[in-house]
Amino acid sequence: MPHLTTRVAIVGAGPAGLLLGWSLHRAGIDFVIVENRDREYVLGRIRAGVLEQGSVETLQRLGLGAGVEAEGMVHDGIHLQFAGERHRVDFSELIDRTVTVYGQQSVVRDLVAAHDGAGTPVFYDASDVAVHDLTGSPSLSFTHGRRAHRVDADIIVGADGFHGVCRQAVPKDALQTYVREYPFAWLGILADVEPSTDELIYALHDDGFAMHSMRSPSVSRLYVQVDPAEDVANWSDERIWDALHTRLAVPGWTLQEGPITEKSILPMRSFVVSTMNFGRLFLVGDAGHIVPPTGAKGLNSAMSDVAQLSVALVRHYAGDDTLLDAYSDTALARQWKVQQFSQWMTDMLHRRPGTDDTAAFDYRSQLGRLDYVTHSEEAMRSLAEQYTGLRLA
Ligand code: RFL
Ligand code: PHB
């Protein structure tokens, strides 16, 4: 059986695993990445769309800035819409920060191309991936090309997302989880049509949330709030456009329609682990935390974890464990700030189901909150700071 020895064994070739591998490659630290899907699946996954300024800087620092610089769309602010009116929050003017619309698919494409070009060891299409002896001499086993493989490593990094094996490998008494479910989901579409807006629109309407985002000057990304149990088959293209027209309407503005090329329902959940470290295992990204997408924080949090862990690993191999020992606390301190922001944005912008007094009260209270947030400079500044990305740990 092929038997490899490396310093860092990374499970998962999503954005977190690929980015960490690339950071280690640049630092001259040996690593292996093992992914249980094939390369085409990894490249085809459509997910997040907004990069914080710090995430763009991370890509640039690692020599991966060309794609985002050529194709990324820098946005100075967002629109918040409620009660039939659209209000702009201008990040540039308020705090001199921006965000960049650049799809996760493009980030992953750039990372895969970089790894391919450098010939780094990324095993796609592996099966039976398992981690062993996390508090002793850690190792990874998997099947690849019908052959059993084993990797001995100093450190294992779980970059294998919410459903991965690494977090599950931690004994139950060593890791607690904190979860919050939401009584709604998003139906997301990609459409071949020029975006009808220059910046993202987040709207709360009597019928529920809707959002207009984009992927390029000719591709729009749009979302509508639906019931979590909803079947995507119940949503014809016509029904989706009708809902978007209704929820995004403001006088004097027209939503352009185009062919829908992708349609899916995204569940919503908040989830955080009590520790991102067990023995020689370190978790990054969705393996350790999930946010509802309203604050656009999933991918950015994964990139922030990786930025911290890669510096900690470089220091570790230079003989200093201070940052590695502090990694879990540092990452979670930042993550809980991101969690409360994502929860706040989500609660503010979605219509709770039900016709009882509490639902009616909540809706009016949300409208009051939106009115405050779009008219108080202090409130807008706080939103801007959090949306464009906290720089503190
Ligand atoms: P990923 O992207 O889930 O990658 C994990 C990788 O690990 C692989 N894997 C395994 N590999 C080996 N062995 C195993 N046993 C394995 N189990 C899993 C997987 O195949 C995969 O390749 O996690 P990562 O790298 O931490 O990146 C996190 C981001 O992908 C995530 O936070 C965001 O995409 C979340 N998210 C969104 N965030 C936003 O900010 N805006 C969005 O619009 C948005 N849309 C989404 C999303 C997440 C979604 N999922 C997870 C349901 C839409 C969807 C559908
Ligand atoms: C997206 O473009 O897919 C997107 C943008 C902002 C969000 C969520 C998703 O908050």
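Everything numeric here is computed off the predicted structure, so don't read it as measured data.

Thresholds applied
- Residues numbered from 1 in each chain as written.
- Chains lettered and ligands numbered in written order.
- Predicted model: local features only at pLDDT ≥ 70, side-chain atom pairs only at ≥ 80, totals over all residues.
- Heavy atoms only, no water.
- Helix = DSSP H or I, 4+ residues; strand = E, 2+ residues; numbered from the N terminus.
- Rg over C-alpha atoms; globule rule 2.2 N^0.38 Å.
- Buried < 20%, exposed > 50% of the residue type's maximum accessible area, 1.4 Å probe, protein only.
- Near = heavy atom within 4 Å.
- Polar contact = N/O pair within 3.5 Å; in protein donor to acceptor, adjacent residues only side chain to side chain.
- Areas by Shrake-Rupley, 256 points an atom, 1.4 Å probe, with all protein chains shown as cover.
- Phe/Tyr/Trp six-rings, centres within 6.5 Å; stacked < 30°, edge-to-face > 60°.
- Lys NZ or Arg CZ within 6 Å of the ring centre and 35° of its normal.
- UniProt positions renumbered as here; feature names shortened; annotations may be inferred.
- Pairing = 2+ DSSP bridges.
- Axes fitted to C-alpha atoms, helices over the stretch in contact; angles between N-to-C directions.
- Parallel < 35°, antiparallel > 145°, perpendicular 65-115°, else oblique.
- Left-handed = near helix turned anticlockwise from the far one by under 90°.
- Contact = heavy atoms within 4.5 Å.
- Nonpolar A, V, L, I, M, F, W, Y, C, P; charged D, E, K, R; others polar.
- Core = buried A, V, L, I, M, F, W, Y, C linked by side-chain atoms within 4.5 Å.
- Salt bridge = Lys/Arg side-chain N within 4 Å of Asp/Glu carboxyl O.

1. A look at the overall build of the chain
Scanning the chain for helices and strands turns up 11 helices and 21 strands. For 393 residues, the compact-globule estimate of 2.2 N^0.38 gives 21 Å, and the chain sits close to it at 21 Å. A principal-axis box enclosing the C-alpha atoms of the chain has dimensions of 65 × 40 × 40 Å. For the chain, buried positions account for 55% of its 393 residues.

2. With respect to the site of ligand 1
Residues in close proximity to ligand 1 total 28 residues, the closest being Ala 16, Glu 35, Arg 45, Gln 104 and Asp 286. Measuring from an oxygen atom of ligand 1, one finds a backbone N or O atom of Pro 15 at 3.3 Å. Here Ala 16 contributes a backbone N or O atom positioned 2.9 Å from an oxygen atom of ligand 1. Against a free-state accessible area of 1000 Å², the protein chains account for coverage of 85% of ligand 1. Secondary-structure elements contributing two or more residues to the shell around ligand 1 are α1 (15–27) and α8 (298–317).

3. Some words on the packing of aromatic side chains
Scanning the entire structure with this criterion turns up 11 aromatic pairs. Considering the side-chain rings of Tyr 182 and Phe 184, the 6.0 Å spacing of their centres and the 35° angle between planes classify their relative orientation as tilted. For Phe 184, a relative accessible area of 1% gives the class buried. With centroids separated by 6.4 Å and ring planes inclined at 50°, the aromatic side chains of Tyr 202 and Phe 209 adopt a geometry described as tilted. Of the two residues, Tyr 202 and Phe 209, both sit in the buried class. A cation over a ring is seen here: Arg 86 above Trp 253, with NZ or CZ 4.1 Å from the ring centre. Directly above the ring of Trp 235 sits Arg 239, whose terminal nitrogen or CZ lies 3.7 Å from the centroid.

4. So, the UniProt feature "domain: FAD-binding" (unreviewed entry) in the chain
The UniProt record marks residues 6–342 with the feature "domain: FAD-binding" (unreviewed entry), using the residue numbering of this structure. Taken end to end, residues 6–342 is 32% helix and 33% strand, and its first and last C-alpha atoms sit 37 Å apart.

5. Section: helix α3 (residues 53–61)
All of the buried residues in α3 are Gln 53, Ser 55, Val 56, Thr 58 and Leu 59. Of the residues one or two after α3, Gly 63 is the one with positive phi, at around 75°.

6. Considering the pairing of strand β11 (residues 147–158)
Pairing of strand β1 (residues 3–11) with β11 involves 8 bridges; the strand directions are parallel. Within the sheet, the bridge partner assigned to Thr 5 lies in β11 and is Asp 152. Where strand β10 (residues 139–144) and β11 come together, 6 bridges link them in antiparallel fashion. Directly across from Phe 142, in β11, lies its bridge partner His 149.

7. As for the packing of α1 against α8
Packed helix pairs are specified by the crossing angle of their axes together with the interaxial distance, meaning the distance between the axes. Where α1 meets α8, the closest approach of the two axes is 9 Å, and the angle between their N-to-C directions is 30°. By the angle class used here, α1 and α8 are roughly parallel. As α1 packs across α8, the resulting crossing turns out to be right-handed. Only Leu 299, Ala 302, Met 303, Val 306, Leu 309, Ser 310, Leu 313 and Val 314 of α8 make contact with α1, whose side of the interface consists of Pro 15, Ala 16, Leu 19, Leu 20, Ser 23, Leu 24 and Ala 27. Residues that form the contact of α1 with α8 fall into these classes: 13 nonpolar, 2 polar and no charged.

8. What to know about the site of ligand 2
Close to ligand 2 lie 14 residues; Tyr 202, Ser 213, Arg 215, Tyr 223 and Pro 293 are nearest. In this structure, Ser 213 approaches ligand 2 through a side-chain N or O atom, which is 2.6 Å from an oxygen atom. Between an oxygen atom of ligand 2 and a side-chain N or O atom of Tyr 223, the distance comes to 2.5 Å. A total of 280 Å² of accessible area belongs to ligand 2 in isolation, and the protein chains cover 97% of it. Of all the secondary-structure elements, those providing two or more residues to the shell around ligand 2 are β15 (208–216) and β16 (219–226).

9. Thoughts on the environment of Ala 318
Counting through the fold element by element, Ala 318 comes out in the loop between α8 and α9 (322–349). Each C-alpha atom of the pair Ala 318 and Ser 218 lies 47 Å from the other, and the pair is 100 residues apart in sequence.

10. Observations regarding the nonpolar core
Grouped together as the largest cluster of nonpolar side chains are 70 residues, with contacts concentrated most on Val 8, Ile 10, Leu 51 and Leu 309. Take this core: its biggest share by element is 7 residues, from α8. Leaving out residues up to four positions away in the same chain, Leu 51 has contacts with Val 56, Leu 59, Val 68, Val 99, Thr 100, Tyr 102, Val 107, Leu 299, Asn 300 and Met 303. Counting residues in each nonpolar core, the second largest holds 33 residues, with Met 214, Phe 341, Met 380 and Leu 383 among its members.

11. Some points on the pattern of salt bridges
Inspection of every chain in the model, using the stated rule, returns 15 salt bridges. A salt bridge links Arg 39 to Asp 116, with the nearest nitrogen and oxygen atoms 2.6 Å apart. With Arg 39 in helix α2 (residues 39–44) and Asp 116 in helix α6 (residues 104–118), this pair connects stretches of sequence that are 77 residues apart. The class of Arg 39 is partly exposed, set by a relative accessible area of 28%. Close ionic contact of Lys 263 with Asp 237 constitutes a salt bridge, the shortest N to O distance being 2.8 Å. One end of the pair, Lys 263, is in strand β17 (residues 260–266); the other, Asp 237, is in helix α7 (residues 237–248), and 26 residues separate them in sequence.

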